[in-house]
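Each chain, written out:
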Amino acid sequence: MSAEPLRVEVVYSPAPRTVTRRQLELAPGATVADAVRASGVLAEDAPADLSFAVWGRVAGADQPLRDLDRVEVCRALTVDPKEARRLRYKGKERRRPAGAG
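Residues numbered from 1 in each chain as written. Predicted model: local features only at pLDDT ≥ 70, side-chain atom pairs only at ≥ 80, totals over all residues. Heavy atoms only, no water.

A.B. asks: Requested: an account of the side chain of Glu9, with residues and values cited.
C.D. replies: Locating Glu9 in the fold gives a position in strand E1 (residues 6-15). With sequence-adjacent residues up to four places away left out, Glu9 is seen in contact with Arg21, Arg22, Gln23, Asp69, Arg70 and Val71. (Helix = DSSP H or I, 4+ residues; strand = E, 2+ residues; numbered from the N terminus. Contact = heavy atoms within 4.5 Å.)

Structure representation (structure tokens):
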């Protein structure tokens with residue numbers, strides 16, 4: 001293991017269309033939890049049902065990081081994606097002009 005600091009990016013979207021990004025340098029051996037804590041992206045009233053990913057792959061808080069990793073803090077889904085698609089499709093059906101077929 002080298003003594004070089006790890007360069008890591010932490011990304012969190014607390015609400016739709018809102019993204020917070022932090023570039024960090026951490027000590028070798030740092031974990032996902034260390035990166036999230038050091039980034040300060042989570043407020044004290046952050047939801048308890050958050051999960052983490054590294055480059056889009058689910059990661060535990062104790063997962064060690066590598067140089068140039070991207071840590072993503074993920075919110076729980078509020079709507080089932082299939083149901084959301086279904087509702088969007090129904091909305092488009094209603095907007096069709098009369099006589100269009």
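On we go from here.
A.B. asks: Lay out the pairing of strand E2 (residues 18-26) in plain terms, naming residues and giving numbers.
C.D. replies: Working note: regular strand, side chains alternate between the two faces of the sheet. Of the strand pairs in this sheet, E1 and E2 are connected by eight bridges, and their pairing is antiparallel. Of the residues in E2, the one forming a bridge with Val8 is Leu24. Between E1 and E2, which pair antiparallel and follow one another directly, the connecting turn spans two residues, one of which, Arg17, has a positive phi of 60°. (Pairing = 2+ DSSP bridges.)

A.B. asks: Residues and numbers for the pattern of salt bridges, please.
C.D. replies: Applying the stated criterion to the full structure yields six salt bridges. Across the pair Arg70 and Glu72 runs a salt bridge whose closest N-O atoms are separated by 3.0 Å. With relative accessibility at 16%, the residue Glu72 sits in the buried group. Shared partners join several salt bridges into a network, and the residues in it are Glu9, Arg21, Arg70 and Glu72. (Salt bridge = Lys/Arg side-chain N within 4 Å of Asp/Glu carboxyl O. Buried < 20%, exposed > 50% of the residue type's maximum accessible area, 1.4 Å probe, protein only.)

A.B. asks: Please give an account of the sheet that holds E1 that cites residues and values.
C.D. replies: Strands sit in the order E2-E1-E5-E3-E4 across an open sheet of five strands; the sheet is mixed. For this open sheet the edge positions go to E2 and strand E4 (57-59), each flanked by a neighbour on one side alone. The sheet shows a mean angle of 30° between the axes of neighbouring strands, direction not considered. Across the sheet, helix H1 (residues 32-39) touches E1, E2, strand E3 (51-54), E4 and strand E5 (70-74), and the angle it forms with E2 is around 110°. (Axes fitted to C-alpha atoms, helices over the stretch in contact; angles between N-to-C directions.)

A.B. asks: Which residues make up the environment of Ser39, and what values go with them?
C.D. replies: Tracing the backbone shows Ser39 in helix H1. Under the relative-accessibility criterion, Ser39 is labelled buried at 7%. The spatial distance from the C-alpha of Ser39 to the C-alpha of Gln23 is 7.8 Å, given a sequence separation of 16 residues. When residues no more than four places from it in sequence are discounted, the contact partners of Ser39 are Val10, Arg22 and Leu24. Only 2.7 Å separates the side chain of Ser39 from the backbone oxygen of Val36, close enough to count as a polar contact. (Polar contact = N/O pair within 3.5 Å; in protein donor to acceptor, adjacent residues only side chain to side chain.)

A.B. asks: Can you tell me about the side chain of Asp69, naming the residues and giving the values?
C.D. replies: Within the fold, Asp69 resides in the loop between E4 and E5. Among buried charged residues, Asp69 stands out as having no salt bridge; its nearest opposite-charge side chain is Arg66, 4.5 Å away. Leave out the neighbours within four places in its chain, and Asp69 touches Arg7, Val8, Glu9, Val54 and Trp55. (Lys, Arg positive; Asp, Glu negative; His and termini not counted.)

A.B. asks: With reference to specific residues and values, describe the nonpolar core.
C.D. replies: Counting 18 residues, the largest nonpolar core has Val8, Val10, Val32, Ala35, Leu65, Val71 and Val73 as its most contacted members. With four residues, the top contributor of residues to this core is E1. If we ignore the near neighbours within four places in the chain, the residues touching Val8 are Arg22, Gln23, Leu24, Leu26, Ala35, Leu65, Arg66, Asp69 and Val71. (Core = buried A, V, L, I, M, F, W, Y, C linked by side-chain atoms within 4.5 Å.)

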